[in-house]
Amino acid sequence: QVQLVESGGGLVQAGGSLRLSCAASGRTFSRYAMGWFRQAPGKEREFVAAISWSGGSTYYADSVKGRFTISRDNAKNTVYLQMNSLKPEDTAVYYCAASIGHYSRESGEYDYWGQGTQVTVSS
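These figures come from a predicted structure and were not determined experimentally. (Residues numbered from 1 in each chain as written. Predicted model: local features only at pLDDT ≥ 70, side-chain atom pairs only at ≥ 80, totals over all residues. Heavy atoms only, no water.)

S.K.: Help me out: how do you make sense of the overall build of the protein chain in this one?
M.R.: A count of helices and strands for the protein chain gives 0 helices and 11 strands. Reading the protein chain from its N terminus to its C terminus gives the helix and strand order β-β-β-β-β-β-β-β-β-β-β. Relative to the 2.2 N^0.38 estimate, which gives 14 Å for 123 residues, the radius of gyration of the protein chain is 13 Å and therefore close to what a compact globule would have. Projected onto its principal axes, the C-alpha coordinates of the protein chain cover approximately 40 × 25 × 25 Å. (Helix = DSSP H or I, 4+ residues; strand = E, 2+ residues; numbered from the N terminus. Rg over C-alpha atoms; globule rule 2.2 N^0.38 Å.)

Quick look at the structure:
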């Protein structure tokens, strides 16, 4: 069992930056691939970024590539999402998720989810 708690969301102006964190419970964090997803009001949940269990491989949605960076610190049981050059269309609730399998853009591949953190980007 893995419990995930996101933090770091908030209100920021367009062009600004935020760093999201996702703290995981349990001693097996390093076995899980991790992902970030987001859901805007009235829209389906969408993939943002994913990282392999070792941190050696990453994968991004085209909409955030070059602006967002996913990373992890297995010693701290934490995964991060550095978000730069934020746009109003990045406004959403951001969720982290853990997968015992390979890192993926498919939400169905993830076994555990956090409660989410709100990110609001004003124009």
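S.K.: When you look at the state of the cysteines in this model, what are you seeing that I'm missing?
M.R.: By definition, a disulfide links the sulfur atoms of two cysteine residues through a covalent bond. What the rule picks out here adds up to 1 disulfide. Linked covalently through their sulfurs, Cys-22 and Cys-96 form a disulfide whose S-S length is 1.9 Å. Across the S-S bond linking Cys-22 and Cys-96, the dihedral sits near 45°, which makes this disulfide right-handed. Linking Cys-22 in strand E3 (residues 18-24) with Cys-96 in strand E9 (residues 92-99), this pair joins segments that are 74 residues apart in sequence. As far as the burial class goes, Cys-22 and Cys-96 line up, both buried. (Disulfide = S-S within 2.5 Å. Buried < 20%, exposed > 50% of the residue type's maximum accessible area, 1.4 Å probe, protein only.)

S.K.: Got a minute to help me understand the sheet that holds strand E7 (residues 68-73) in this structure?
M.R.: To summarise the sheet geometry, strands pair through backbone hydrogen bonds and adopt either a parallel or an antiparallel arrangement. In space, the 4 strands of this open sheet follow the order E1-E3-E8-E7, with antiparallel pairing throughout. The open sheet has two edge strands, strand E1 (4-7) and E7, and neither has a second partner. Strand-to-strand twist in this sheet, taken as the mean axis angle between neighbours without regard to direction, amounts to 15°. Pairing of E1 with E3 involves 4 bridges; the strand directions are antiparallel. Residue pairing across strands places Leu-4 opposite Ala-24, the latter belonging to E3. (Pairing = 2+ DSSP bridges. Axes fitted to C-alpha atoms, helices over the stretch in contact; angles between N-to-C directions.)

S.K.: How should I be thinking about unusual backbone geometry in this particular structure?
M.R.: As a rule of thumb, non-glycine residues mostly have phi less than zero, and peptide bonds are mostly trans rather than cis. Even without a glycine there, the phi angle at Asn-77 is positive, about 55°. Within the fold, Asn-77 resides in the loop between E7 and strand E8 (78-83). In the Ramachandran plot, Ser-85 falls in the positive-phi region, its phi being about 50° despite a non-glycine side chain. Turning to its location among the elements, Ser-85 is positioned in the loop between E8 and E9.

S.K.: Got a minute to help me understand the nonpolar core in this structure?
M.R.: Side chains that are nonpolar tend, in soluble globular proteins, to be buried together. Formed by 37 residues in total, the largest nonpolar core has its most connected members in Met-34, Trp-36, Leu-81, Met-83 and Tyr-94. Looking at this core, the elements with two or more residues in it are E3, strand E4 (33-39), strand E5 (46-51), E7, E8, E9 and strand E11 (117-122). Filtering out sequence-adjacent residues up to four positions away, Met-34 remains in contact with Leu-4, Cys-22, Phe-29, Ala-49, Ala-50, Ile-51, Ile-70, Arg-72, Val-79, Ala-97, Ala-98 and Tyr-110. (Core = buried A, V, L, I, M, F, W, Y, C linked by side-chain atoms within 4.5 Å. Contact = heavy atoms within 4.5 Å.)

S.K.: Explanation requested: the layout of surface pockets in the structure shown.
M.R.: It is a probe the size of a water molecule, rolled over the atoms, that shows where empty space is left. By volume, the largest pocket is sized at about 160 Å³. Lining the largest pocket we find 13 residues, and of these Arg-38, Lys-43, Glu-46, Glu-89 and Asp-90 sit closest to its centre. Per-class residue counts for the lining of the largest pocket are 2 nonpolar, 3 polar and 8 charged. (1 Å grid on protein atoms, 1.4 Å probe; cavity = no way out; pocket = protein on both sides within 12 Å on 5 of 7 lines; lining within 4 Å. Points joined across faces, edges and corners; volume = space filled by probe spheres on them. Nonpolar A, V, L, I, M, F, W, Y, C, P; charged D, E, K, R; others polar.)

S.K.: When you look at the environment of Ser-57 in this model, what are you seeing that I'm missing?
M.R.: Examined against the element boundaries, Ser-57 turns out to sit in the loop between E5 and strand E6 (58-60). Judged by its relative accessible area of 28%, Ser-57 is partly exposed. Distance in space between the C-alpha atoms of Ser-57 and Ala-24 is 19 Å, their sequence separation being 33 residues. Ser-57 has contacts with Ala-50, Ile-51, Ser-52 and Tyr-103, leaving out every residue within four places of it along the chain.

Without other data, these values stay purely geometric and don't point to any function.
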